[in-house]
Amino acid sequence: GNHTQPTFILLGITDTPWAQAPLFGLFLLIYIITLAGNIGLMVVVWVAPSLHTPMYFFLAHFSLADVCYSTIISPKMLTGLLFGDKTISWAGCVAQFHLFALFATAECHLLAAMAYDRHVAVCRPLSYVTVMSPRACWQLVAWCYLTASLSALIYTGCTFGGSFCGPRQVDHFFCDASAVLRLACSDTRAGEAAIFALAAAHGLGTAVVILLSYGRILRAVLRLRSAPGRARAFRTCASHMASVSVFYGSLLFMYLQPASRHGSRDKVASVFYTVVSPMLNPFIYGLRNKEVKAALGKCRRRM
């Protein structure tokens, strides 16, 4: 079964020769901005005492997840665009998908933890220090990574557990479940059902937590008598929900449908949550924040 196909061929985003160089330049620029923005945000949160709060603690881990799963995918995609080397070993394909599933799932739960943190800060300010204690924050982050690790094992087993005796060409720019399952010659219905159920549990479950948290935040904000305070809170919620919409919209489009319905549109959706979203998150969550800007100013003055 699996041992008869030692390598896969990633067909990439496009096979048009004249588009390879422009796409390489574009995605290389996006990847550099992603690394600089997310790593810079983690460093600022680490060195600035004013940012040692639960909100920025979760934000630092969110940036770490962005860096990790972007790095799992982008370098291989860039190599294929620049040198035309689109082969990937069986072990490399399994490892790429497993790590991607781990950090993408962890990011879903981190988004829910961040929304819950904002809910407690706005709706229960008097008990915020007690509820969001350092121990509670570490427990939430540990739960995010533990749940993601177990789920990634199931995703990987369902995707690569069958036999592959057909063509080795993966019609994608990374080893995604839908593209790999199309190459299987064994029955994949049970694996597809398991992936669908698990993706629904994680995606919809964390999305409900986020929507309920922001719904209560908006209800509390609408009760404020200060118009500037309401406007500031609405801007914060709008920024967070914009990032959530990009990430969840494309992710749920990919995994909440049967493998038989997947097609070329998957690549476009995948670009949003694997390439674009990690680049935008530092700007949406951090660099537009006055506290982060103040911390950056202090770091520059010290240097």
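Residues numbered from 1 in each chain as written. Predicted model: local features only at pLDDT ≥ 70, side-chain atom pairs only at ≥ 80, totals over all residues. Heavy atoms only, no water.

1. Points about helix H2 (residues 54-83)
Residue pairs spaced three or four apart in an α-helix point in one direction, given the helix's 3.6 residues per turn.
Now for step 1: With 30 residues, H2 extends 44 Å between its outermost C-alpha atoms, agreeing within 8% with the 44 Å of an ideal straight helix rising 1.5 Å per residue.
Now for step 2: For H2, the principal kink sits at Thr71 and spans about 35°; a proline, Pro75, occurs within the next four residues.
Now for step 3: With 22 of 30 residues buried, H2 lies mostly within the body of the structure.
Now for step 4: Positive phi appears at Gly84, one or two residues downstream of H2, with a value of about 80°. (Helix = DSSP H or I, 4+ residues; strand = E, 2+ residues; numbered from the N terminus. Expected span 1.5 Å × (residues − 1). Bend = angle between axes of the 7 residues up to and from the residue. Buried < 20%, exposed > 50% of the residue type's maximum accessible area, 1.4 Å probe, protein only.)

2. What to know about the nonpolar core
Now for step 1: Core analysis: the biggest nonpolar cluster contains 84 residues, and Phe8, Phe27, Phe58, Ile210 and Tyr248 have the highest contact counts within it.
Now for step 2: Tallying contributions element by element places helix H3 (residues 90-123) first for this core, with 17 residues.
Now for step 3: Apart from the residues within four sequence positions on either side, Phe58 is in contact with Ala113, Met114, Asp117, Met132, Cys137, Leu140 and Val141. (Core = buried A, V, L, I, M, F, W, Y, C linked by side-chain atoms within 4.5 Å. Contact = heavy atoms within 4.5 Å.)

3. Section: the pairing of strand S1 (residues 7-10)
Now for step 1: Going residue by residue along S1, you find Phe8 and Leu10 tucked away on one face and Thr7 and Ile9 left uncovered on the opposite face.
Now for step 2: Where S1 meets strand S2 (residues 87-89), three bridges bridge the pair, whose relative direction is antiparallel. Within S2, the position partnered with Ile9 by the bridge is Thr87.
Now for step 3: Looking at chain direction, S1 and strand S3 (residues 169-170) are connected through two bridges and run parallel. Directly across from Leu10, in S3, lies its bridge partner Val170. (Pairing = 2+ DSSP bridges.)

4. Here we look at the sheet that holds S1
Now for step 1: Strand order in the open sheet made by the three strands is S2-S1-S3, with mixed pairing throughout. Among the strands making up the open sheet, the edge pair consists of S2 and S3.
Now for step 2: This element, H3, spans S1 and S2 of the sheet and lies at about 85° to S2. (Axes fitted to C-alpha atoms, helices over the stretch in contact; angles between N-to-C directions.)

5. So, a nonpolar patch on the surface
Now for step 1: On the surface, a cluster of nonpolar side chains totalling about 400 Å² of accessible area is made up of Ile39, Val43, Trp46 and Val47.
Now for step 2: Checked against the element boundaries, Ile39 lands in helix H1 (residues 17-47). (Patch = residues over 30% accessible without salt bridge, like charges linked within 9 Å, V, L, I, M, F, W, Y side chains within 5 Å. Areas by Shrake-Rupley, 256 points an atom, 1.4 Å probe, with all protein chains shown as cover. Salt bridge = Lys/Arg side-chain N within 4 Å of Asp/Glu carboxyl O.)

6. A word on the packing of aromatic side chains
Now for step 1: Across all of its chains, the model carries ten aromatic pairs by this definition.
Now for step 2: Look at Phe173 and Phe174: their rings are 5.3 Å apart centre to centre, the planes differ by 55°, and that puts the pair in the tilted class.
Now for step 3: Since its relative accessible area comes to 2%, Phe173 is described here as buried.
Now for step 4: The structure contains a cluster of three or more aromatic residues connected by ring pairs, namely Phe8, Trp90, Phe97, Phe160 and Phe164. (Phe/Tyr/Trp six-rings, centres within 6.5 Å; stacked < 30°, edge-to-face > 60°.)

7. What about the pattern of salt bridges?
Now for step 1: Per the stated rule, a full pass over the model turns up two salt bridges.
Now for step 2: A salt bridge links Arg118 to Asp117, with the nearest nitrogen and oxygen atoms 3.0 Å apart.
Now for step 3: What makes Asp117 buried here is its relative accessible area of 1%.

8. What about the side chain of Ser63?
Now for step 1: If you trace the backbone, Ser63 turns up in helix H2.
Now for step 2: A relative accessible area of 1% places Ser63 in the buried class.
Now for step 3: Apart from the residues within four sequence positions on either side, Ser63 is in contact with Asn38, Leu41 and Met42.

9. Structural notes on the UniProt feature "transmembrane region" (unreviewed entry) in the protein
Now for step 1: Here, UniProt's "transmembrane region" (unreviewed entry) annotation points to residues 23-48, 55-74, 94-116, 136-155, 193-212, 233-256 and 268-287.
Now for step 2: Secondary structure across residues 136-155 divides into 100% helix and 0% strand, with the first and last C-alpha atoms of the span separated by 28 Å. (UniProt positions renumbered as here; feature names shortened; annotations may be inferred.)

10. Focus: the state of the cysteines
Now for step 1: Evaluated as defined, the whole model comprises one disulfide.
Now for step 2: Across the disulfide from Cys93 sits Cys175; the S-S distance is 2.0 Å. A torsion of -120° about the S-S bond marks the disulfide between Cys93 and Cys175 as left-handed. On the criterion of sequence distance, the pair formed by Cys93 in helix H3 and Cys175 in the loop between S3 and helix H6 (177-181) is long-range, its members being 82 residues apart. A single burial state applies to Cys93 and to Cys175, both of which are buried.
Now for step 3: Free cysteine: Cys108, not disulfide-bonded; nearest cysteine sulfur from Cys144 at 10.0 Å. (Disulfide = S-S within 2.5 Å.)

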